[in-house]
Amino acid sequence: KAGVTQTPRYLIKTRGQQVTLSCSPISGHRSVSWYQQTPGQGLQFLFEYFSETQRNKGNFPGRFSGRQFSNSRSEMNVSTLELGDSALYLCASSTLPGQGDYEQYFGPGTRLTVT
Amino acid sequence: GENVEQHPSTLSVQEGDSAVIKCTYSDSASNYFPWYKQELGKGPQLIIDIRSNVGEKKDQRIAVTLNKTAKHFSLHITETQPEDSAVYFCAAGGGTSYGKLTFGQGTILTVHP
């Protein structure tokens, strides 16, 4: 079974630009969560999608948004990039929380550098 | 919201020794506690997890224990090997937070040959 895939793996953007990151979950997984990882703040939850609906949102500004498609693939968008948005953005896929076999698996991440 | 504290932040052991990493959580509604290993340049890899209806779980050299009353859980690695060197994260989730995991700050484990 293929794992979680994320594209692109590396990205360099300029302040003020916007960026879109993509995530394909493990086949059969319908839930996708996004996390931001930085040396200072660690791993922080951005949002979670299930069946194309955002079910949970972390404490990030409205510049961070996401969506999920009918095939469970997900994208996240960051508008008006700031230097502090430089981070590793991780996507995780899982089955439905509450199920006995629930587990969350991470992709390799997209390394975003804002200059 | 949930808050997860992880200790120690760094851990250095000799090959063959045991390593123990401890985490505490604050939200009694959390019912899912995974542990991840992250190597340089890679995403976190799920190595073991435990649910709130279980007190201990083992998988070869790795074990996790959970004390719901005290709200803490621990990762135990026996017979450590140099390839165990990585950053380890604990997390808590489930309950009313759906798929949101709250992570500890991580432990850098170094196993010296």
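Going by the structure above, here's the rest.
Source: prediction; values computed, not measured.

Peer 1: Is there a simple way to think about the overall build of chain A in this case?
Peer 2: Secondary structure summary: chain A contains zero helices and 11 strands in total. In chain A, the succession of α and β elements from N to C terminus is β-β-β-β-β-β-β-β-β-β-β. For chain A, the C-alpha radius of gyration of 14 Å lies close to 13 Å, the compact-globule estimate for 115 residues. With respect to the principal axes defined by its C-alpha atoms, chain A has extents near 45 × 30 × 25 Å. For chain A, with 115 residues in total, the buried portion stands at 50%. Considering only contacts in chain A between residues 6 or more positions apart, those separated by 24 or more positions represent 53%. Approximately 5,300 Å² of chain A is accessible, and the part contributed by carbon and sulfur atoms is 48%. For chain A, the distance from the average site of its 11 positive side-chain charges to the average site of its 7 negative ones is 6 Å.

Peer 1: What is the right way to look at the interface of chain B and chain A in this model?
Peer 2: Quoted interface sizes are often the accessible area lost when the parts come together. Counting residues at the interface gives 18 residues for chain B, matched by 25 residues for chain A. Interface of chain B and chain A: buried area, both sides summed, is about 1,600 Å²; carbon and sulfur atoms make up 54% of it. For the pair chain B and chain A, the number of links is four residue pairs in polar contact (both at pLDDT 80 or more). Broken down by secondary-structure element, the contributors of at least two residues to the side of chain B that touches chain A are strand 4 (32–38), strand 5 (45–51) and strand 10 (101–103) of chain B. In terms of residue class, the side of chain B that touches chain A is made up of eight nonpolar, six polar and four charged.

Peer 1: Mind showing me how you'd approach the sheet that holds strand 7 (residues 62–67) of chain B here?
Peer 2: Note: strands within a sheet are paired through backbone hydrogen bonds, in either parallel or antiparallel orientation. Residues and elements named next belong to chain B. A sheet is described by the order of its strands in space; here five strands give the open sequence 1-3-8-7-6, paired in antiparallel fashion. Each of the sheet's edge strands pairs with one partner strand only, and the pair in question is strand 1 (4–7) and strand 6 (56–59). Neighbour-to-neighbour, the strand axes of this sheet turn through a mean angle of 15°, independent of strand direction. Judged from the six bridges that link them, strand 3 (residues 19–25) and strand 8 (residues 72–77) form a sheet pairing that is antiparallel. Within strand 8, the residue paired with I21 across the bridge is L75.

Peer 1: Is there a simple way to think about the sheet that holds strand 3 (residues 19–24) of chain A in this case?
Peer 2: All names here are of chain A. Strand order in the open sheet made by the four strands is 1-3-8-7, with antiparallel pairing throughout. Bordering the open sheet on either side are strand 1 (5–7) and strand 7 (64–68), each of which pairs with just one other strand. With direction set aside, neighbouring strand axes in the sheet form an average angle of 20°. Inspection of the sheet shows strand 7 paired to strand 8 (residues 74–78) by five bridges, in the antiparallel sense. What sits directly across from Q68, in strand 8, is S74.

Peer 1: Just to check I follow, could you spell out the state of the cysteines for this structure?
Peer 2: Each disulfide consists of a covalent bond between the sulfur atoms of two cysteine residues. Evaluated as defined, the whole model comprises two disulfides over all chains. In this model A:C23 forms its disulfide with A:C91; the gap between the sulfur atoms is 1.8 Å. Given an S-S torsion of about -55°, the disulfide between A:C23 and A:C91 has left-handed geometry. Of the two residues, A:C23 is situated in strand 3 and A:C91 in strand 9 (residues 87–94); the sequence distance between them amounts to 68 residues. The exposure class of A:C23 is buried, given its relative accessible area of 0%. Sulfur-sulfur distance for the disulfide between B:C23 and B:C90 comes to 1.9 Å. In this structure, the disulfide formed by B:C23 and B:C90 twists by about -100° around the S-S bond and is classed as left-handed. Within this pair, whereas B:C23 is found in strand 3, its partner B:C90 is found in strand 9 (residues 86–93), the two being separated by 67 residues in sequence. Here B:C23 and B:C90 have matching classes, each one buried.

Peer 1: Please explain the pairing of strand 4 (residues 31–38) of chain A as it appears in this structure.
Peer 2: It is a general feature of regular strands that their side chains alternate between the two faces of the sheet. Residues and elements named next belong to chain A. Among the eight residues that make up strand 4, eight are buried, leaving the element largely enclosed by the rest of the structure. Burial along strand 4 is two-sided: the residues S31, S33, Y35 and Q37 and V32, W34, Q36 and T38 are all buried. Of the pairings in the sheet, the one linking strand 4 to strand 5 (residues 42–50) comprises eight bridges and is antiparallel in character. Residue Q37 lies in a different strand from strand 5, and its bridge partner there is L43. Where strand 4 folds back on strand 5, the antiparallel hairpin that results is connected by three residues. In terms of strand pairing, strand 4 meets strand 9 through seven bridges, oriented antiparallel. Among the inter-strand pairings, S33 is bridged to a residue of strand 9, identified as A92.

Analysis parameters
- Residues numbered from 1 in each chain as written.
- Chains lettered and ligands numbered in written order.
- Predicted model: local features only at pLDDT ≥ 70, side-chain atom pairs only at ≥ 80, totals over all residues.
- Heavy atoms only, no water.
- Helix = DSSP H or I, 4+ residues; strand = E, 2+ residues; numbered from the N terminus.
- Rg over C-alpha atoms; globule rule 2.2 N^0.38 Å.
- Buried < 20%, exposed > 50% of the residue type's maximum accessible area, 1.4 Å probe, protein only.
- Contact = heavy atoms within 4.5 Å.
- Areas by Shrake-Rupley, 256 points an atom, 1.4 Å probe, with all protein chains shown as cover.
- Lys, Arg positive; Asp, Glu negative; His and termini not counted.
- Charge placed at Lys NZ, Arg CZ, Asp CG, Glu CD.
- Buried area = accessible area lost by both parts, 1.4 Å probe.
- Polar contact = N/O pair within 3.5 Å; in protein donor to acceptor, adjacent residues only side chain to side chain.
- Nonpolar A, V, L, I, M, F, W, Y, C, P; charged D, E, K, R; others polar.
- Pairing = 2+ DSSP bridges.
- Axes fitted to C-alpha atoms, helices over the stretch in contact; angles between N-to-C directions.
- Disulfide = S-S within 2.5 Å.

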